[in-house]
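# Tertiary structure, described
Residue-level listing of the chains:
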Amino acid sequence: WTTGVGTTFVLAHGTYVTYGIRVRNTDAAGNVSGTANNASELIVDTVVPANPSVSFPSSPTNNGTVTVSLGDGATSWTYSINAGVDWTTGVGTTFVLAHGTYVTDVIRVRNTDAAGNVSGTANNNSELIVDTVVPANPSVSFPSSPTNNGVVTVTKVSDAVSWAYTVNAGNNWSDWLT
C-alpha cells in the first residue's frame, strides 16, 4: 500500500486487471475501511501514435486533394489549414484544399489513438498553390471564307501558359506552348 497525498494519484502506462486497483481510508485511531476497486479492466495508454503519412499535391495544381494514411496505433485524424489554430476532423482518406496559396508548414495533419493521445504533425514542406480559377477564352481571328490563306491567329490571355486547338470538334487536340 502507498500512502496517498492530496486527492489524486496517477496510474502508469499499462493494463490493470479487474479489482487490481484498490483504495482505502484509515482514521486517526488506525481503523482501516473497506476498499473501493476498479470494477473492470483499465487500460492506461500513454503511447503517442505514429505521425500520419500525407501526400500533398504538386504545386501549382487545380486539384487540391490531400491524401492521408493513419500512422501505427492511430484511429482517427484531424487537419488544419491555418498552422494548427483550428482543427477539422478528417473523414475517409482525403480532404480538399480550397483555391489559394498555402505557405510552408501551414497545412498540418495529425493522428489520434483510441486513448486520446495525439501524434506529431505532418506538414506541407513547401508553398502549395491551388488554382481553380479558369482562364478567360483566347481571342481568335479566323480567316474569311473562302480563302487561300488558312492562318488562324490566336492571342492567349495573360494568365494562360498554353493553348490548344482541334479541327474535328474536340476529338483530338494539339497543344501549343507560347
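Look a little higher up for the structure.
Structural notes, computed from the coordinates. (Residues numbered from 1 in each chain as written. Predicted model: local features only at pLDDT ≥ 70, side-chain atom pairs only at ≥ 80, totals over all residues. Heavy atoms only, no water.)

### Topic: unusual backbone geometry
As a reminder of what qualifies: Strands are runs of DSSP state E lasting at least 2 residues, helices are runs of H or I lasting at least 4, and numbering of each runs from the N terminus. Burial here depends on accessible area, computed with a 1.4 Å probe over protein chains only, as a share of the maximum for the residue type. Under 20% is buried, over 50% is exposed, and the range in between is partly exposed.
Cis geometry is adopted by the peptide bond preceding Pro60, which originates at Ser59 and carries an omega value of -5°. One can find Pro60 in the loop between strand 5 (53–55) and strand 6 (65–69). In this model, Ser145 is joined to Pro146 through a cis peptide bond whose omega is 0°. Along the polypeptide, Pro146 turns up in the loop between strand 14 (139–141) and strand 15 (153–155). Positioned with a positive phi, Tyr19 is a non-glycine residue whose angle comes to about 65°. Along the chain, Tyr19 falls in the loop between strand 1 (14–16) and strand 2 (22–23). Owing to a relative accessible area of 45%, Tyr19 belongs among the partly exposed residues under this scheme.

### Brief notes about the packing of aromatic side chains
The condition is simple: Stacked, tilted and edge-to-face are the three classes assigned to paired rings of Phe, Tyr and Trp, where Trp is represented by its six-membered ring and a pair needs centres within 6.5 Å; plane angles under 30 degrees give stacked, over 60 edge-to-face, the rest tilted. Charges are assigned to positions over rings by a cutoff of 6 Å between ring centre and Lys NZ or Arg CZ, combined with an angular limit of 35 degrees from the ring normal.
In total, this model carries four aromatic pairs according to the counting rule given. For the pair Tyr79 and Phe95, a centre-to-centre distance of 3.8 Å together with 10° between the ring planes defines the contact as stacked. Here Phe95 lies in strand 9 (residues 94–96) and Tyr79 lies in strand 7 (residues 76–80), a separation of 16 residues in the sequence. The pair formed by Tyr79 and Phe95 is uniform in burial state, with each residue classed as buried. Put simply, the rings of Trp77, Tyr79 and Phe95 touch in pairs and so form one group of aromatic residues. Over the ring of Trp1 we find Arg24, and its NZ or CZ is 3.7 Å from the ring centre.

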